[in-house]
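# Remarks on the overall topology
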Amino acid sequence: MKLLHTADIHLDSPLRSLAMRNSELCDAVAAATRASFSQLVDLAISEDVAALLVAGDLFDGRERSARTGAFLMGELDRLGDAGIKVFYTKGNHDAENPITGTLDLPAHVHVFDARGGREQLAENVWIHGVSFADRHAPDSLLPRFKAPVPNAVNIAMLHSSLGGAAGHDVYAPCSVVDLAGMGFDYWALGHVHKRQIHSETPWVVMPGIPQGRDIGEAGPKSVTLLTINHGRIDVSEKRTSVVEFAQSDLNITDADSDEALRTMLRQHLAALRRQIAAPTGVIRLSLSGRPSRHWQILRDHDVWLEQAGNLARAAGDLWIDKLLLDLTPPDAGTEAASAAEELAATMTQIRTEPGFVATALDEVETVLQDLPPGLRDRLMPDEAARDDLVDRLALAGANRVLARMKGAVV
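Rules and cut-offs
Here the residue index of a chain counts from 1 through its sequence in written order. In keeping with the predicted nature of the model, local features appear solely for residues at pLDDT of at least 70, side-chain atom pairs appear and are counted solely at 80 or more, and the whole-chain, interface and lining totals rest on all residues. Excluding hydrogens and water, the side-chain figures rest on all heavy atoms present in the structure. Helix and strand assignments come from DSSP, with helices taken as H or I runs of at least 4 residues and strands as E runs of at least 2, each series counted from the N terminus. By this rule, a helix spans an expected 1.5 Å times one less than how many residues it contains. Three labels apply to residues, based on accessible area from a 1.4 Å probe with only protein chains included: buried if under 20% of the type maximum, exposed if over 50%, partly exposed otherwise in between. Any two residues whose heavy atoms approach within 4.5 Å are treated as being in contact. Patch membership requires more than 30% relative accessible area and the absence of a salt bridge. Residues of like charge join within 9 Å; the nonpolar side chains Val, Leu, Ile, Met, Phe, Trp and Tyr join within 5 Å. Surface accessibility follows the Shrake-Rupley procedure with a 1.4 Å probe radius. Residue values consider only the protein chains on display as shielding. Here, a salt bridge means any side-chain nitrogen of Lys or Arg that lies within 4 Å of a carboxyl oxygen of Asp or Glu. For this count, His and the chain ends are skipped, Lys and Arg are scored as positive, and Asp and Glu as negative. Note that the charge is assigned to NZ on lysines, CZ on arginines, CG on aspartates and CD on glutamates. Definitions used for this entry: grid spacing 1 Å over protein atoms alone; cavity, a set of points where a 1.4 Å probe fits but cannot get out; pocket, an open set with protein on both sides within 12 Å along at least 5 of 7 lines; lining residue, one with an atom within 4 Å of a point. Grid points are joined across faces, edges and corners, and a volume is the space filled by probe spheres set on the points. By the convention adopted, Pro, Cys, Tyr, Trp, Phe, Met, Ile, Leu, Val and Ala count as nonpolar, Lys, Arg, Asp and Glu as charged, and the other residues, Gly among them, as polar. Paired strands are those between which DSSP finds at least two bridges. Only C-alpha atoms enter the line fits that serve as axes; for helices the fit covers just the stretch in contact. Angles between N-to-C directions range over 0 to 180 degrees.

- Going by an unreviewed UniProt entry, the protein chain carries the name Exonuclease SbcCD subunit D and comes from Ponticaulis profundi.

Right under this line is the structure:
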């Protein structure tokens with residue numbers, strides 16, 4: 001018997017960070033969570049699994065859409081037509097999503113409630129689960145699980161941060177030791193988006209997110225396939241991401257001309273395309289080194305962003321999320337360079353003067369007032385974030401002035 005374990009699908013998760021920078025790129029990957037889920041269903045059918053286990057966060061927060069519900073029902077029907085059962089525990093995002101309470105799910109889909117329960121999948125296989133009652137679960141949910149069924153394979157589903165993980169709030173906290181002491185054979189976890197096998201006796205598996213949503217979730221994503229044979233569980237990883245995010249660095253010290261830089265970019269992006277297994281790749285590319293045309297490249301950052309984007313798409317459905325420049329200027333002793341260095345020191349001093357800071361703060365506050373409140377809150381959650389933005393904008397402006405000045409230096 002086979003089962004498929006997944007979590008943190010986040011159907012139709014909005015790609016706000018991409019939309020703000022590149023609407024064309026956002027459109028290209030907006031349907032990634034749906035496409036990945038469809039691929040997951042294809043995998044379940046091709047592997048002839050008995051059940052799909054969804055350990056929380058099928059939906060994404062408060063985002064609501066009738067189309068999301070319709071899409072999900074269509075995919076669940078495909079599973080039902082193939083004779084595949086679905087077991088689903090609600091996570092923190094599901095608990096606050098209005099769709100979860102309005103869908104009339106098919107008979108082959110079992111949703112565990114917050115009281116906990118268990119369902120028999122086969123003669124000697126039982127599925128246990130506990131859902132979130134609301135978006136917050138500050139206490140352990142382990143006391144709500146019923147005892148494992150004797151002389152059977154017992155699989156427990158739980159959405160939990162375990163002992164905590166970077167970038168994730170604490171939900172339904174517990175330890176691997178706690179889980180091991182419960183007597184279950186396999187813990188189908190969810191919540192942390194990075195795949196990790198915490199234990200093999202018993203199995204304690206965090207499958208990770210099946211489709212990354214931004215550069216912070218880089219790399220190939222997957223689900224976990226369980227094979228149960230005479231009471232023994234074997235586990236394997238199956239790739240599901242249709243869009244893969246990646247970060248890459250290219251040293252361009254030897255790029256002594258625009259054509260040389262284009263050639264280096266073309267070769268580097270072609271190599272990245274071969275490394276990325278997903279149909280679409282989104283790259284955050286950093287150019288580093290001490291190129292002789294250091295300031296010209298800084299000056300023409302927008303031009304190189306466009307050229308890198310064109311070269312990426314030519315390499316085969318690659319997109320540039322950001323082009324970062326981490327360049328060191330070559331040694332220079334010309335009068336123009338000396339003047340630029342003097343100007344740089346002056347601008348550094350001006351950036352800390354109270355009058356300049358006050359003026360810059362007023363400018364930023366004026367722009368913020370023109371933004372919708374929700375976007376304003378995400379950009380500037382507190383005063384420290386505002387001050388940091390002002391400092392970064394001032395530094396970026398100073399660097400752009402120097403780039404234009406030194407761009408004339410050959």
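## Points about helix H9 (residues 301–316)
- With 16 residues, H9 extends 23 Å between its outermost C-alpha atoms, agreeing within 8% with the 22 Å of an ideal straight helix rising 1.5 Å per residue.
- For H9, the full list of buried residues reads Trp304, Ala308, Gly309, Leu311 and Ala312.
- Buried residues along H9 sit against helix H7 (258–275), helix H8 (294–299) and strand E15 (318–327).

## Notes on a negative patch on the surface
- On the surface, Glu24, Asp27, Asp302 and Glu306 cluster together into a negatively charged patch.
- Counting residues per element, the ones that place at least two in the negative patch are helix H2 (23–29) and H9.

## Here's the deal with the side chain of Thr280
- With respect to the element layout, Thr280 can be found in strand E14 (residues 280–289).
- Beyond its immediate sequence surroundings of up to four residues, Thr280 is in contact with Val29, Val242, Val243, Glu244, Arg273, Asp317 and Trp319.

## Topic: empty space enclosed by the protein
- Overall, the coordinates contain two cavities of 30 Å³ or more when judged by the stated rule.
- A volume near 60 Å³ is recorded for the largest cavity.
- Sorting the residues of the lining of the largest cavity by element identifies strand E2 (51–55), helix H4 (66–81) and strand E3 (85–89) as the ones contributing at least two each.
- When its residues are assigned to classes, the lining of the largest cavity shows 10 nonpolar, no polar and no charged.

## Examining helix H3 (residues 32–46)
- Here H3 is 15 residues long and its end C-alpha atoms lie 21 Å apart, about the 21 Å a rise of 1.5 Å per residue gives.
- When we look at burial in H3, the residues that qualify are Ala32, Thr33, Ser36, Phe37, Ser38, Leu40, Val41, Leu43 and Ala44.
- Remark: Asp48 follows H3 within two positions and exhibits a positive phi of approximately 55°.

## Remarks on the sheet that holds E2
- Strand order in the open sheet formed by six strands is E4-E3-E2-E1-E11-E12, and the pairing between neighbours is mixed. Single-partner strands in this sheet number two, and they are strand E4 (109–112) and strand E12 (232–239). Across this sheet, the average inter-strand angle for adjacent strands is 20°, counted without regard to direction.
- Where strand E1 (residues 2–6) meets E2, four bridges bridge the pair, whose relative direction is parallel. The partner of Leu3 across the bridge, within E2, is Ala51.
- Those strands touched by H3 are E1, E2, strand E11 (222–229) and E12, and its axis lies near 165° from that of E1.

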